[in-house]
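These are the residues of each chain, in order.
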Amino acid sequence: MYTQVAIVGAGPAGLLLSHLLHLHGISSVVLEARTRGYIEQRIRAGVLEQNTVDILRDAGVGSRLDAEGLPHEGIELRFGGEGHRVPMTELTGRAITVYGQQEVVKDLVARRLADGGDIRFEVSDVRLDGLTSDRPVVRFHHGGAANELTCDVIAGCDGFHGTSRPSVPPGQLTVYERDYPFSWLGILAEATPAVHELIYCLHENGFALYSMRSERVSRLYLQVPPDTDTAEWPDERIWDELATRFQLGGSPWPPNRGPIFDKGVTPMRSFVTEPMQYGRLLLAGDAVHIVPPTGAKGMNLAVNDVWLMARALDAWYTTGDETLLTSYTRDALRRVWQAQHFSWWMTSMLHRFPGDDPYQYRLQIAQLHNVVDSPAYATALSENYVG
Ligand code: FAD
Ligand code: DHB
């Protein structure tokens, strides 16, 4: 089998890349370890920056996003028992859209299949070879048979635990990373959101986030210790803790309650590997960088990476010019490190770190006051948030 670009991983990065390449007349095959049902139900990100919405729309896959996505023009920062609105659109002219990552995945899978795209679900034993040759090979098992896919370029879009990054020989990549001493417990509940905009909240007990997926579904998060087992958090305890952390004016402020139908714990990590390419392997998305979710940047970075990658591959196939391919790492890293900084900053400002003293907490409150009191600070936060 031969294709121009072999894509490992059918997350937002791999699927969008395959679609963008198709628009440029470049062939690809997407290899995915999981089933279609699994990737279409996997609950993850929810905030699309303006850039991401523009890219999806321009690529002709924005119609359901336009119909069902929830545009937001501001966020609330809640701390010290008070809420403060940051009017992002007023400050930047841009907005975010709340639309579940799995909905983006569904839209992209449907479009690829409608366009005759080749996505192989449930592949296993994916191995990459010949990365420094001009005919790399991807070997994998599918439907019980061993397969070999020859290509010009391999796009490693297989997430943090994928096989692409570890296929680069030792010593070629440099890792920059930071772990955080807490996780997020996230829930989805059949409950009408009590608010129309997201609330990022710092309380003495830790961080809390009020988000949503629709007029009937709330998405809420709590900072919890790193090795938290969801069994320690029965529904009642979650709702009570949310009411405590979201307190206003000294009184608990309960979110609207409803049946919880999803509960999960996400570790927090900052991670970047450089460079983002090795020979004919180009890496994108979570396969090369991770941010803590406080800045809502992960999926947006994945989209930005593959947009740059598709542009570089188009230039190379059309004119033979390798300039954009060569500068892919440099071009992508600029945005990646800005998002690393923003995500680290939001995380540090809004979480309680074990061992922190009351002085540190007061510094965080002072920082948050700066952000909401100073239009310059609020604009800087908004520019980063809306992308
Ligand atoms: P992935 O989505 O991880 O896709 C990789 C794919 O590769 C998967 O389908 C996987 O099954 C497949 N794969 C893995 N290994 C192999 C293999 N060996 N062979 C074949 N296939 C393989 N980001 C935001 O932008 N905004 C948010 O609001 C936000 N909130 C988040 C909240 C939570 C709770 C979490 C967990 C994440 C959040 N993120 C957010 C981050 C975002 O979900 C990720 O950054 C995004 O999924 C990255 O996309 P990707 O395509 O690079 O990787
Ligand atoms: C959501 C997730 C985030 O990480 C974030 O910063 C905001 C919203 C969400 O899942 O809705």
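The structure displayed is predicted, hence computed values, not measured ones.

Chemist: Explanation requested: the site of ligand 2 in the structure shown.
Modeler: For ligand 2, the set of nearby residues contains 14 residues, the closest of which are Tyr200, Ser211, Arg213, Tyr221 and Pro293. Measuring from an oxygen atom of ligand 2, one finds a side-chain N or O atom of Tyr200 at 2.7 Å. Interatomic distance of 2.7 Å between a side-chain N/O atom of Arg213 and an oxygen atom of ligand 2. Here ligand 2 has 290 Å² of accessible area as a free molecule, and 96% of this is covered by the chains. At the level of elements, strand E15 (206–212) and strand E16 (217–224) are the ones that each hand at least two residues to the shell around ligand 2. Tallied by class, the residues present in the shell around ligand 2 amount to eight nonpolar, three polar and three charged.

Chemist: What am I meant to see in the pattern of salt bridges here?
Modeler: When their charged atoms lie close together, side chains carrying opposite charge are able to pair. For the coordinates displayed, the defined rule picks out 22 salt bridges. Between Glu103 and Arg64 there is a salt bridge; the shortest N-O distance is 2.8 Å. Of this pair, Glu103 sits in helix H6 (residues 101–114) while Arg64 sits in helix H4 (residues 63–68), and the two are 39 residues apart along the sequence. Residue classification places Arg64 among the partly exposed positions, given a relative accessible area of 25%.

Chemist: What is the right way to read the domain arrangement of the protein from this model?
Modeler: In many reports, interface size means the accessible area that the parts give up when they come together. Each domain of the protein was delimited in the assignment, giving domain 1 (5–70 + 96–176 + 269–343) and domain 2 (180–263 + 354–386). Placing a centre on the C-alpha atoms of domain 1 and another on those of domain 2 gives a separation of 30 Å. The junction of domain 1 with domain 2 conceals about 1500 Å² of combined surface from both sides, 65% of it contributed by carbon and sulfur atoms. A per-residue breakdown of the area domain 1 buries against domain 2 is headed by Ile43, Thr294 and Phe342, which together make up 31% of the total. Run the count over domain 1 and domain 2 and you get zero salt bridges. Along the lines of polarity and charge, the residues of the side of domain 1 that touches domain 2 split into 10 nonpolar, eight polar and four charged.

Chemist: Help me understand the site of ligand 1, please; the structure alone is not making it clear to me.
Modeler: Not every one of the 34 residues close to ligand 1 is listed here, only the nearest: Glu32, Arg42, Gln101, Asp286 and Met299. At 2.7 Å from an oxygen atom of ligand 1 is found a side-chain nitrogen or oxygen belonging to Arg42. Between ligand 1 and Met299 there is a distance of 2.6 Å, counted from an oxygen atom to a backbone nitrogen or oxygen. Burial of ligand 1 by the surrounding chains reaches 88%, relative to a free accessible area of 1000 Å².

Chemist: How do you make sense of the sheet that holds strand E18 (residues 277–278) when you look at a structure like this?
Modeler: Through backbone hydrogen bonds, the strands of a sheet pair up, either in parallel or in antiparallel fashion. Pairing within the open sheet is mixed, and its six strands lie in the order E8-E2-E1-E12-E19-E18. Where the open sheet ends on each side, the last strands, each with one partner, are strand E8 (118–120) and E18. Helix-sheet contacts for helix H1 (residues 12–23) involve strand E1 (5–8), strand E2 (28–31), E8 and strand E12 (153–156), and the interaxial angle to E1 is about 160°.

Chemist: Honestly, the packing of helix H10 (residues 328–350) against helix H12 (residues 375–386) in this entry has me stumped. Any pointers?
Modeler: The relative placement of two packed helices comes down to the angle between their axes together with the axis-to-axis distance. Between H10 and H12, the shortest axis-to-axis distance is 10 Å and the interhelical angle comes to 120°. In terms of axis orientation, H10 runs oblique to H12. Of the two possible hands of crossing, H10 and H12 adopt the one that is left-handed. Contacts from Gln338, Phe342, Trp345, Met346 and Met349 of H10 reach H12 at Tyr377, Leu381, Asn384 and Tyr385. The residue inventory of the contact of H10 with H12, partitioned by class, reads seven nonpolar, two polar and no charged.

Chemist: Sorry, what's going on with the packing of aromatic side chains here?
Modeler: Here a ring pair, both rings aromatic, is described through the centre-centre distance and the interplanar angle of the planes. Scanning all chains against the criterion turns up 13 aromatic pairs. A ring pair is formed by Tyr200 and Phe207, whose centres lie 6.2 Å apart and whose planes are at 45°; its orientation type is tilted. Under the relative-accessibility criterion, Tyr200 is labelled buried at 1%. Taking the relative accessible area as the measure of exposure, Phe207 reaches 0% and is therefore buried. Plain terms: the ring middles of Phe246 and Trp253 are 6.0 Å apart, the flat faces sit at 70° to each other, and that makes the pair edge-to-face. Put simply, the rings of Trp184, Tyr200, Phe207, Tyr221 and Tyr385 touch in pairs and so form one group of aromatic residues. When the ring centre of Phe160 is taken as origin, the NZ or CZ atom of Arg165, which lies over that ring, is 5.1 Å away.

Conventions adopted
Residues numbered from 1 in each chain as written. Chains lettered and ligands numbered in written order. Predicted model: local features only at pLDDT ≥ 70, side-chain atom pairs only at ≥ 80, totals over all residues. Heavy atoms only, no water. Near = heavy atom within 4 Å. Polar contact = N/O pair within 3.5 Å; in protein donor to acceptor, adjacent residues only side chain to side chain. Areas by Shrake-Rupley, 256 points an atom, 1.4 Å probe, with all protein chains shown as cover. Helix = DSSP H or I, 4+ residues; strand = E, 2+ residues; numbered from the N terminus. Nonpolar A, V, L, I, M, F, W, Y, C, P; charged D, E, K, R; others polar. Salt bridge = Lys/Arg side-chain N within 4 Å of Asp/Glu carboxyl O. Buried < 20%, exposed > 50% of the residue type's maximum accessible area, 1.4 Å probe, protein only. Domains from an automatic or database assignment. Buried area = accessible area lost by both parts, 1.4 Å probe. Pairing = 2+ DSSP bridges. Contact = heavy atoms within 4.5 Å. Axes fitted to C-alpha atoms, helices over the stretch in contact; angles between N-to-C directions. Parallel < 35°, antiparallel > 145°, perpendicular 65-115°, else oblique. Left-handed = near helix turned anticlockwise from the far one by under 90°. Phe/Tyr/Trp six-rings, centres within 6.5 Å; stacked < 30°, edge-to-face > 60°. Lys NZ or Arg CZ within 6 Å of the ring centre and 35° of its normal.

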